[in-house]
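# Survey of secondary and tertiary structure
Here's the letter readout for the chains.
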Amino acid sequence: MLKQRIISAAALLVFVIAALLLFSPYAFALTVAAIVVLGIWEWCQFARHQNDIWRWLITGLSACGLFVIIFAYRDYINAGIVLNSYTAWLLVVALIWWAVALLLVASYPHSTKYWQKPALLQLFFGFFTLAPFLLALLALRLYNYNQNSYEGLWLLFYVLLLIWSADTGAYFCGKAFGKHKLAARVSPGKTWQGAIGGVVVALIVGILFLQITPNEFVLRSVSLPLLLLVSFGTVSISILGDLTESMFKRHVGIKDSSQLIPGHGGILDRIDSLTAALPFFCAMFYFYL
């Protein structure tokens, strides 16, 4: 099992690096869209669409819709202008959704009476989880693309390092010091000590990462207190993204969102933190930083 996890993780890492460094904006957008479509396939389980025609129909229509949108706006994407007045509303809606998700997680299982039926409501939640994730990922990677194709890459790496280091720090701090449960009804393994340790580790890693970025990197011109505040919010909401997916999985009685990634579960299991963190950071970056 461990060998399988290591092989899968290595393959995923190579693929992610290749996509970030080598893919054109159009190819990158199609790749992210494919990931989102797989996430939609998995999300249908939360809406009880597991083996019926509705699951195929919803996933197929989503795939066609995303392809048409991305194909129609190839030049728009290649220009690096992904976020504008027509798309920014998705980030605002995402922030509202995650505020609602916090209430749902905090009051679980009592909150299930508001969302367990009908299935359409859960799919609505899925849209406002995955669509802003897609937008934020493209908007950050393609930031200032025509002038400096790597600036968006530094931005994206900053967020990814925050989340990955927070996950690692939370795991080890939770193992060493964890006593008080963070959300026992949703994810019994998570503790307040682990979460706090993860946040501290992520902020330290973020500061260190900035020291190796180019002097002209946009985040280096942001005041440190403001950047730390946004980074703190990004890591905190990433924990909420993880807990929210755990809440839906627990409600339908599944451990992993799927078995698409050997040894790691499904797509949603790997991006659950990012579905919350990326839209939040993207909104803060474009609106305030």
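Calculation notes
Residues numbered from 1 in each chain as written. Predicted model: local features only at pLDDT ≥ 70, side-chain atom pairs only at ≥ 80, totals over all residues. Heavy atoms only, no water. Helix = DSSP H or I, 4+ residues; strand = E, 2+ residues; numbered from the N terminus. Buried < 20%, exposed > 50% of the residue type's maximum accessible area, 1.4 Å probe, protein only. Polar contact = N/O pair within 3.5 Å; in protein donor to acceptor, adjacent residues only side chain to side chain. Salt bridge = Lys/Arg side-chain N within 4 Å of Asp/Glu carboxyl O. pLDDT = per-residue confidence, 0-100. Phe/Tyr/Trp six-rings, centres within 6.5 Å; stacked < 30°, edge-to-face > 60°. Axes fitted to C-alpha atoms, helices over the stretch in contact; angles between N-to-C directions. Parallel < 35°, antiparallel > 145°, perpendicular 65-115°, else oblique. Left-handed = near helix turned anticlockwise from the far one by under 90°. Contact = heavy atoms within 4.5 Å.

### Observations concerning the side chain of Asp269
Position of Asp269 relative to the elements: it lies in helix α11 (residues 267-287). The buried category is assigned to Asp269, whose relative accessible area is 8%. Reaching out from Asp269, the side chain makes a polar contact with the backbone nitrogen of Gly266 at a distance of 2.8 Å.

### A look at the pattern of salt bridges
What the rule picks out here adds up to three salt bridges. A salt bridge links Asp242 to Lys190; the nearest nitrogen and oxygen atoms lie 3.3 Å apart. Of this pair, Asp242 sits in helix α10 (residues 224-252) while Lys190 sits in strand β2 (residues 187-191), and the two are 52 residues apart along the sequence. Salt bridges here are not isolated pairs; linked through shared partners, they connect Glu245, Lys249 and Asp269.

### Things to note about the confidence of the model for the protein chain
Averaged over the protein chain, the pLDDT score is 88; the fraction of residues at 70 or greater is 95%. Averaged over each element, pLDDT in the protein chain is lowest for helix α4 (residues 74-78) (75) and highest for helix α9 (residues 192-210) (95).

### Description of the packing of aromatic side chains
If you walk through the whole model with that rule in mind, you get 22 aromatic pairs. When the centroid spacing of 4.9 Å and the interplanar angle of 65° are considered together, the rings of Trp41 and Trp56 count as edge-to-face. Here Trp56 lies in helix α3 (residues 53-72) and Trp41 lies in helix α2 (residues 25-43), a separation of 15 residues in the sequence. For Trp56, a relative accessible area of 58% translates into the label exposed. Taken together, the ring pairs connect Trp43, Phe46, Trp97, Trp98, Trp115, Phe124, Phe125, Phe127, Phe128 and Phe248 into an aromatic cluster.

### Some remarks on the packing of helix α5 (residues 88-106) against α11
At a minimum axis separation of 9 Å, α5 and α11 run at an interaxial angle of 125°. Put simply, α5 runs oblique to α11. Along this stretch, α5 crosses α11, giving a crossing that reads as left-handed. Residues Ala88, Leu91, Val92, Ala94, Leu95 and Trp98 of α5 touch α11, and the partners they reach there are Thr275, Ala276, Pro279, Phe280, Cys282, Ala283, Met284 and Phe287.

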